[in-house]
Amino acid sequence: MKCKIALNNGKAGGLFTTKGDLNFGADGFSLMYTLDGDRCVLRYSNGEIVQERRGSAPMIMRFKEGEETLCKLGLGASSGSFPLYTDKIEVVTGETAVEVQLNYTCCGENVTLSIKAKC
């Protein structure tokens, strides 16, 4: 389903809007969109969120509540990773919308990220 997407990290200038596709599956959903020219996918399944960005700024972040996971940046020899800890994941789904709230700690910084998609 075509939808409007808002990503907000709670900081000044941290609201980004775009358009994309929302697809529901048996155990979750996927949200595909473009941000700053990069293709992005956010997948939710079995209580876990994976956010992937491909293009000029490749990145994969995996979020699992109460667990330390990794944020991987770059590709090949120009890649690296660092730990992130997910404090809380909140997901609300409707027939034509999803809302995701992530609270996590990365590189000593506490981050709250809100993602809303409405078709």
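Use the structure listed above.
One numbering rule holds for all chains: residues counted from 1, following each sequence as written. The predicted nature of this model means local features are confined to residues of pLDDT at least 70 and side-chain atom pairs, given and counted, to a pLDDT of 80 or more, with totals for whole chains, interfaces and linings taken over all residues. With hydrogens and water set aside, each side-chain value is computed from the structure's full complement of heavy atoms.

Working definition: rings of Phe, Tyr and Trp (its six-membered ring) pair if their centres are within 6.5 Å, and the pair is stacked with planes under 30 degrees apart, edge-to-face with planes over 60 apart, and tilted otherwise. As enumerated under the stated definition, the model contains three aromatic pairs in all. Ring geometry for F24 and F29: centres 6.4 Å apart, planes at 65°, overall edge-to-face. The rule is simple: take the accessible area with a 1.4 Å probe, protein chains only, and divide by the maximum for that residue type; under 20% is buried, over 50% is exposed, in between is partly exposed. Owing to a relative accessible area of 37%, F24 belongs among the partly exposed residues under this scheme. Classification of F29 by relative accessible area gives buried; the value is 5%. An aromatic cluster of three or more residues is present, and its members are F24, F29 and Y44.

What follows covers the nonpolar core. The definition of a nonpolar core used throughout is a set of buried Ala, Val, Leu, Ile, Met, Phe, Trp, Tyr and Cys residues joined through side-chain atoms within 4.5 Å. In this structure, I5, L31, F63, L102, Y104 and I115 are the most contacted members of the largest nonpolar core, which totals 26 residues. Secondary structure elements follow DSSP: runs of H or I no shorter than four residues count as helices, runs of E no shorter than two count as strands, and numbering proceeds from the N terminus. Looking at this core, the elements with two or more residues in it are β1 (2-8), β3 (28-35), β4 (38-45), β6 (59-64), β8 (80-93), β9 (97-106) and β10 (109-118). By residue number, the principal contributor to this core is β9, which donates five residues. We call two residues contacting when some pair of their heavy atoms lies within 4.5 Å. Every residue in contact with L102, bar those within four places of it in the chain, is listed here: I49, F63, K88, I89, V111, T112 and L113.

What follows is about the side chain of E52. If you trace the backbone, E52 turns up in strand β5 (residues 48-54). Residue classification places E52 among the buried positions, given a relative accessible area of 13%. Nitrogen and oxygen atoms within 3.5 Å of one another constitute a polar contact, given that in protein one can donate a hydrogen and the other can accept it, and given that sequence-neighbouring residues count only through two side-chain atoms. Only 2.6 Å separates the side chain of E52 from the side chain of R54, close enough to count as a polar contact. Apart from the residues within four sequence positions on either side, E52 is in contact with R39, C40, V41, R43, M59 and I60.

Moving residue by residue along a regular strand, the side chains alternate between the two faces of the sheet. As defined by bridge partners, strand β7 (residues 68-73) adjoins β8 across six bridges and the pair is classed as antiparallel. Residue pairing in the sheet places T69 in a bridge with L84 of β8. Any two strands are treated as partners once DSSP identifies two or more bridges connecting them. For β8 and β9, the ladder comprises nine bridges, and the chain directions are antiparallel. Bridge assignment links V92 to a residue of β9, and that residue is E99. Between β8 and the antiparallel strand that follows it, β9, lie three residues.

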